[in-house]
Amino acid sequence: MSETPNFLERFFSAAIRFLLPILLILSSVWVILQGAALWVPIEYRLPGFPADPYGFTLDDRLYWSSIDIEYLLNDEEIGYFDTYRLDSGEPMHNARELSHMEDVKELILITWRILGWGWIGLIVVSIALGLRLGWARVFEQLDAAARGTIWLMVFLVLGLILAFGVLFVGFHRIFFEGDTWLFSYSDTFIRLYPERFWRDTFALVAITTLLLSWIARWLSKNLKRLLQ
């Protein structure tokens, strides 16, 4: 009879350690995307950010990227881009780029669902564990999960420094089909978002996740201390 309670306790603890890192990372993505209209202009102005060899100025990049950001945050279909044309008269995005934008938006919507249900799941298992073993145990597990997330982000940063190309390709191989995410250097998508943009974006996700993890650890430790 004692094995079932022990199993449940181990399960609840493991669920907390599994869910919290995912939720901290996805929460970072949410924060960054919601604030994209603020940080993208900063990114374009960072020292060493590559100029567009095909002629986009800073103002051009700010304008066209704002349209992409708006699309990712609104409820519009892909026809949203129909009225936007470059100075040359060509559509802002070609068919391949539009297909990828649809895929990205769908991935974002799935991510938000996972984020919402994930937080609900974390609350449920935390309450379940708290009722069985006390809230101090819950905060111990949350602290351990946040600590694990910090180490995960440390490895991510090392990966960005040592092998960003491998990480970038691996990310797209996992979340997108085939080679639908590959574009010509002359495509608007690459002109707006060169490799440097994505490297810095991954780094920003890591930094934001580290900050959220530190907050989670601080809260867990202090709440546990209040219960002692």
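Overview of the structure. It should be emphasised that the depicted structure is a prediction, and the values quoted were computed from it without experimental measurement.

### Focus: the environment of Val 205
- Of note, Val 205 is situated in helix α7 (residues 195–227).
- Considered as a pair, Val 205 and Val 157 are 48 residues apart in the sequence and their alpha carbons are 9.9 Å apart.
- Every residue in contact with Val 205, bar those within four places of it in the chain, is listed here: Ile 25, Ser 28, Val 29 and Ile 32.

### Remarks on the nonpolar core
- If you look at the biggest cluster of nonpolar residues, it comprises 35 residues, and the most contacted ones within it are Val 40, Trp 64, Leu 72 and Phe 81.
- With near-sequence residues (within four places) excluded, Trp 64 lies in contact with Phe 56, Tyr 84, Arg 85, Leu 86, Met 92 and Leu 192.
- Counting residues in each nonpolar core, the second largest holds 19 residues, with Phe 12, Leu 20, Leu 122 and Ala 145 among its members.

### Comments concerning the packing of aromatic side chains
- The full count for this structure, using the stated rule, is 22 aromatic pairs.
- Aromatic pair Phe 171 and Phe 202: ring centres 5.6 Å apart, planes at 80°, arrangement edge-to-face. Pair noted here: Phe 171 is in helix α5 (residues 135–175) and Phe 202 is in helix α7, with a separation of 31 residues, a long-range link.
- For Phe 171, a relative accessible area of 29% translates into the label partly exposed.
- For Phe 202, a relative accessible area of 17% translates into the label buried.
- The structure contains a cluster of three or more aromatic residues connected by ring pairs, namely Trp 39, Tyr 44, Phe 49, Phe 183, Phe 189, Tyr 193, Phe 197 and Trp 198.
- For Lys 105, the ring lying beneath its charged end belongs to Tyr 71, and the centroid distance is 4.0 Å.
- The lysine or arginine in question, Arg 191, covers the ring of Phe 56, its NZ or CZ lying 3.7 Å from the ring centre.

Scoring rules and cut-offs
Residues numbered from 1 in each chain as written. Predicted model: local features only at pLDDT ≥ 70, side-chain atom pairs only at ≥ 80, totals over all residues. Heavy atoms only, no water. Helix = DSSP H or I, 4+ residues; strand = E, 2+ residues; numbered from the N terminus. Contact = heavy atoms within 4.5 Å. Core = buried A, V, L, I, M, F, W, Y, C linked by side-chain atoms within 4.5 Å. Buried < 20%, exposed > 50% of the residue type's maximum accessible area, 1.4 Å probe, protein only. Phe/Tyr/Trp six-rings, centres within 6.5 Å; stacked < 30°, edge-to-face > 60°. Lys NZ or Arg CZ within 6 Å of the ring centre and 35° of its normal.

Keep in mind that these numbers describe shape and distance, not what the molecule does.
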